Amino acid sequence: MSNKILIEDIEREPNKTLHYEFDDEIKELEGCRLRADLEIKSLGGFIEVKGEASGVVTLECDRCLNKFEYDLEFDIDETYAKHSLYDEYSQEVELQSGQFITDLNGAKEIDLYDLLYQSVILALPNKNVCGINCNEGLFVSEEDMEIHDDRMDVFKNIKID
């Protein structure tokens, strides 16, 4: 099955609902293998994509720089407008939670690979740490801590009562 779904194919399905499974690599991310089970539904002027995704991606630890595998598990909940929303919302409006809609602007297909790629990027942690016990790079040896500055020698002989 292609990663691009034609809107007309969704419209032809019973209940205007199409089931889509993805089990492949996200090539832009190292070692990223993803499995997603999605339901694509036509709702009049909108297309709704919902489902679950899970997989694994290889990341580099921000502390020790070793590579590690990070487990992914997230929900997909995306709404697309079939036609441009610009005319309806030509004035500036504030979006509330759950109101974000991707405008297809008359496009005839939805790129589900791009949706999954973006969802993986959003599911990645802000700080990549290989584990709770990663201590690499956090500690400096006592030798590295000792800095000798001749200007500070004067303070070695101060006596405080």
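You'll find the structure just up there.
Conventions and cut-offs
- Residues numbered from 1 in each chain as written.
- Predicted model: local features only at pLDDT ≥ 70, side-chain atom pairs only at ≥ 80, totals over all residues.
- Heavy atoms only, no water.
- Helix = DSSP H or I, 4+ residues; strand = E, 2+ residues; numbered from the N terminus.
- Contact = heavy atoms within 4.5 Å.
- Areas by Shrake-Rupley, 256 points an atom, 1.4 Å probe, with all protein chains shown as cover.
- Pairing = 2+ DSSP bridges.
- Axes fitted to C-alpha atoms, helices over the stretch in contact; angles between N-to-C directions.
- Salt bridge = Lys/Arg side-chain N within 4 Å of Asp/Glu carboxyl O.
- Buried < 20%, exposed > 50% of the residue type's maximum accessible area, 1.4 Å probe, protein only.
- Disulfide = S-S within 2.5 Å.

S.K.: Looking at this structure, I do not really get the overall build of the chain. What am I missing?
M.R.: Broken down by element type, the chain carries 3 helices and 7 strands. Along the chain direction, N to C, the helices and strands of the chain fall in the order β-α-β-β-β-β-β-β-α-α. Partitioning the intrachain contacts of the chain with sequence separation of at least 6 by distance along the chain shows that 54% fall at a separation of at least 24. Within the structure as shown, the chain displays about 12100 Å² of accessible surface, and the carbon and sulfur contribution to it stands at 46%.

S.K.: Explain the sheet that holds strand β5 (residues 67-81) here, please?
M.R.: Strand pairing in a sheet takes place through backbone hydrogen bonds and is either antiparallel or parallel in direction. Here 5 strands make up an open sheet; going across it, the order is β2-β3-β4-β5-β6 and the pairing mixed. Among the strands making up the open sheet, the edge pair consists of β2 (17-25) and β6 (102-103). Judged from the 2 bridges that link them, β5 and β6 form a sheet pairing that is parallel. Paired with tyrosine 80 across the two strands is threonine 102, which belongs to β6. Seen against the sheet, helix α2 (residues 112-123) touches β2, β3 (33-43), β4 (46-60) and β5 and runs at an angle of roughly 125 degrees to β5.

S.K.: What is the right way to look at the pattern of salt bridges in this model?
M.R.: Summed over the entire model, instances satisfying the criterion amount to 9 salt bridges. A salt bridge links aspartate 24 to arginine 33, with the nearest nitrogen and oxygen atoms 3.9 Å apart. In this structure aspartate 24 comes out as partly exposed when scored by relative accessible area, which is 30%. When salt bridges that share partners are traced, they join Glu8, Asp9 and Arg12 into one network.

S.K.: Just to check I follow, could you spell out the side chain of asparagine 128 for this structure?
M.R.: Inspection of the secondary structure assignment puts asparagine 128 in the loop between α2 and α3 (142-145). Not counting residues up to four positions away in its chain, the partners in contact with asparagine 128 are Leu59, Glu60, Cys61, Asp62, Arg63 and Phe68.

S.K.: Would you explain the state of the cysteines in this entry?
M.R.: Defined simply, a disulfide is a covalent bond joining two cysteines at their sulfur atoms. Tallied over the full model, the rule gives 0 disulfides. Lacking any disulfide linkage, cysteine 64 is separated from the closest cysteine sulfur, that of cysteine 61, by 3.6 Å.

S.K.: Help me out: how do you make sense of the pairing of β5 in this one?
M.R.: Regular strands place their side chains on alternate faces of the sheet. Across 15 bridges, the pairing between β4 and β5 is antiparallel. Pairing of phenylalanine 46 across the sheet is with alanine 81, part of β5. Taking the residues between adjacent antiparallel strands as the criterion, β4 and β5 are bridged by 6 residues, where leucine 65 takes a positive phi near 70 degrees.

S.K.: Hey, could you run me through the environment of leucine 104 in this one?
M.R.: Here leucine 104 lies in the loop between β6 and β7 (109-111). A sequence separation of 58 residues divides leucine 104 from phenylalanine 46, and the C-alpha atoms of the two residues are 9.5 Å apart. Setting aside anything within four residues of it in sequence, one finds leucine 104 in contact with Ile7, Tyr80, Ala81, Lys82, Glu109 and Ile110.

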